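Fold and geometry: a report
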Amino acid sequence: MAFDGVLFTNIRYFDKTPIGILINRFSKDTYFADERIVFVFGNFLVMIGAFFAAIIILCISNWYFLLVLLPFMALMIFILHFFLKTSVEVRRIEAMERSPVMSHVSGTLNGISTIRASGRWRCTGRNITD
C-alpha cells in the first residue's frame, strides 16, 4: 500500500522530500510488517477474547453492570480519539528527528564512490579520524 502510494506520487514530492525521510519511512514500515504485526495480531485476538468473556460473565451474573458499562464505554471512546491524534503527532515528530541521520548516511554512501575514484579517500580518512 505504501509502495503504491510512492509509485503514483507526483515527482515534486521527491524533489522536496530528502532521501533520508523516504528511506526512514520504508525501513520502518518494512520492520513493522515483517517483525511486529504477527505478535500484535496474536495479542489482539487474545485480549479481545478475554474482554468479551469477562463482559458476558459480568452481564449474566449482574445485569446492573450494564448501567455502569455504557458510560464507561463512552469515556473510553473519547480517550481513544484523543490518543490516536496524539500518537500520529508523536510518530510524525519521531520521523522528522530520525530523517537527518538517514539523509546523512545516504549522502555519505552516494559520495563514497566519488571520493574513491578521485583517490582522495586517504585524506578524507585522516580528516575524519583527527
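Residues numbered from 1 in each chain as written. Predicted model: local features only at pLDDT ≥ 70, side-chain atom pairs only at ≥ 80, totals over all residues. Heavy atoms only, no water.

**Side note on the overall build of the chain**
Within the chain, the secondary structure is distributed over five helices and zero strands. The order of α-helices and β-strands along the chain, N terminus first, is α-α-α-α-α. Taking all 130 residues of the chain together, 7% fall into the buried category. Counted over contacts in the chain with a minimum sequence separation of 6, partners at least 24 positions apart contribute 60%. As displayed, the chain has an accessible area near 11,300 Å², and 72% of this comes from carbon and sulfur atoms. (Helix = DSSP H or I, 4+ residues; strand = E, 2+ residues; numbered from the N terminus. Buried < 20%, exposed > 50% of the residue type's maximum accessible area, 1.4 Å probe, protein only. Contact = heavy atoms within 4.5 Å. Areas by Shrake-Rupley, 256 points an atom, 1.4 Å probe, with all protein chains shown as cover.)

**Observations concerning the pattern of salt bridges**
Summed over all chains, the structure comprises one salt bridge. Two residues, Arg92 and Glu89, come together in a salt bridge whose shortest N-O distance is 2.9 Å. Placement of the pair is Arg92 and Glu89 together in helix 4 (residues 65–117), with a separation of three residues, close to one helical turn. Overall, Glu89 belongs to the partly exposed group, its relative accessible area being 38%. (Salt bridge = Lys/Arg side-chain N within 4 Å of Asp/Glu carboxyl O.)

**Some points on the packing of aromatic side chains**
As enumerated under the stated definition, the model contains two aromatic pairs in all. Consider the rings of Phe51 and Phe52, whose centres lie 5.4 Å apart with planes at 65°: the pair is edge-to-face. Judged by its relative accessible area of 46%, Phe52 falls in the partly exposed class. (Phe/Tyr/Trp six-rings, centres within 6.5 Å; stacked < 30°, edge-to-face > 60°.)

**A short note on the confidence of the model for the chain**
Per-residue confidence for the chain gives a mean pLDDT of 77; residues scoring 70 or more make up 75%. The element-level mean pLDDT for the chain is lowest in helix 5 (residues 121–129), coming to 52, with helix 3 (residues 19–61) highest at 82. (pLDDT = per-residue confidence, 0-100.)

**A short note on a nonpolar patch on the surface**
Together, Phe41, Phe44, Leu45, Ile48, Phe51, Phe52, Ile56 and Ile60 make up an exposed nonpolar region whose accessible area comes to about 850 Å². Residue position: Ile56 is located in helix 3. (Patch = residues over 30% accessible without salt bridge, like charges linked within 9 Å, V, L, I, M, F, W, Y side chains within 5 Å.)

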